[in-house]
Amino acid sequence: MSRIALLVAIMAIAGCSNAGLRDLRSNTAGPDEFLILPTKPLSAPASYSELPEPTPGGANLTDPQPNADAVAALGGRPAALVDQGVSSADAALVNYTGRGGVPQGIRTTLAEEDERFRQRRGRLTQIQLFRTNRYDQVYNRQKLNPFSEERRFRRAGIATPTSPPERP
């Protein structure tokens, strides 16, 4: 009976491990069949005089564009995926938010500061017995509790929208 219980326990523990399912890297030296994308079929343009200028290293009309194809299949506009700058509808908002000036290289500066913060806070998070969320461990002190913030705003007399009830 104890051998059966031991076998069941080993199988249960082995069933909890699915690291192989998350590791999608190929262990072989051959080509990766998931990296090969089929191209669109060749077709003659409606007018040869309206063809775009060729760009060395640029995109080809027959190159697959899975994101644009998915957006079109779902009824969206694939042209919206192309960065065209700030739209006229958002220009006023962008001007207002940048009224105090925009520091150059802010993304690089924030990335460097965040890296230093995570190194200081993450020293003891390297040791783990069970799978944990590293993001929550490092940034736990900076999380806001929306319910306590709502109560604080209401005590201060600020009108707040309703919110779902707190979970017990």
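Bear in mind that the values here come from a model prediction, so they are computed numbers and not experimental data.

**Digging into the overall build of the protein**
When helices and strands are tallied, the protein shows seven helices and zero strands. Reading the helices (α) and strands (β) of the protein from amino to carboxyl end gives α-α-α-α-α-α-α. For the protein, the residues scored as buried account for 5% of the 168 residues in total. Put simply, of all contacts in the protein between residues at least 6 apart along the chain, 14% involve residues at least 24 apart. If you sum the accessible surface of the protein, you get close to 16000 Å²; carbon and sulfur atoms cover 59% of it.

**A few points about the confidence of the model for the protein**
With 83% of its residues at a pLDDT of 70 or more, the protein has an overall mean of 79. Across the protein, element-level confidence peaks in helix 4 (residues 91-97) with a mean pLDDT of 91 and bottoms out in helix 2 (residues 19-22) with 49.

**A look at the side chain of Glu150**
Note that Glu150 resides in helix 7 (residues 146-155). On the basis of relative accessibility, which here comes to 12%, the residue Glu150 falls in the buried class. Discounting residues that sit within four places of it in the chain, Glu150 has contacts with Thr160, Pro161, Thr162 and Ser163.

**Remarks on the pattern of salt bridges**
Applying the stated criterion to the full structure yields two salt bridges. Between Glu149 and Arg152 there is a salt bridge whose closest N-O contact spans 2.7 Å. Here Glu149 and its partner Arg152 are both found in helix 7, three residues apart, which amounts to about one turn of the helix. One salt bridge in this structure joins Glu150 and Arg154, with 2.8 Å as the shortest N-O distance. Placement of both Glu150 and Arg154 in helix 7 is noted, with a separation of four residues, approximately one turn of the helix.

Conventions used here
Residues numbered from 1 in each chain as written. Predicted model: local features only at pLDDT ≥ 70, side-chain atom pairs only at ≥ 80, totals over all residues. Heavy atoms only, no water. Helix = DSSP H or I, 4+ residues; strand = E, 2+ residues; numbered from the N terminus. Buried < 20%, exposed > 50% of the residue type's maximum accessible area, 1.4 Å probe, protein only. Contact = heavy atoms within 4.5 Å. Areas by Shrake-Rupley, 256 points an atom, 1.4 Å probe, with all protein chains shown as cover. pLDDT = per-residue confidence, 0-100. Salt bridge = Lys/Arg side-chain N within 4 Å of Asp/Glu carboxyl O.

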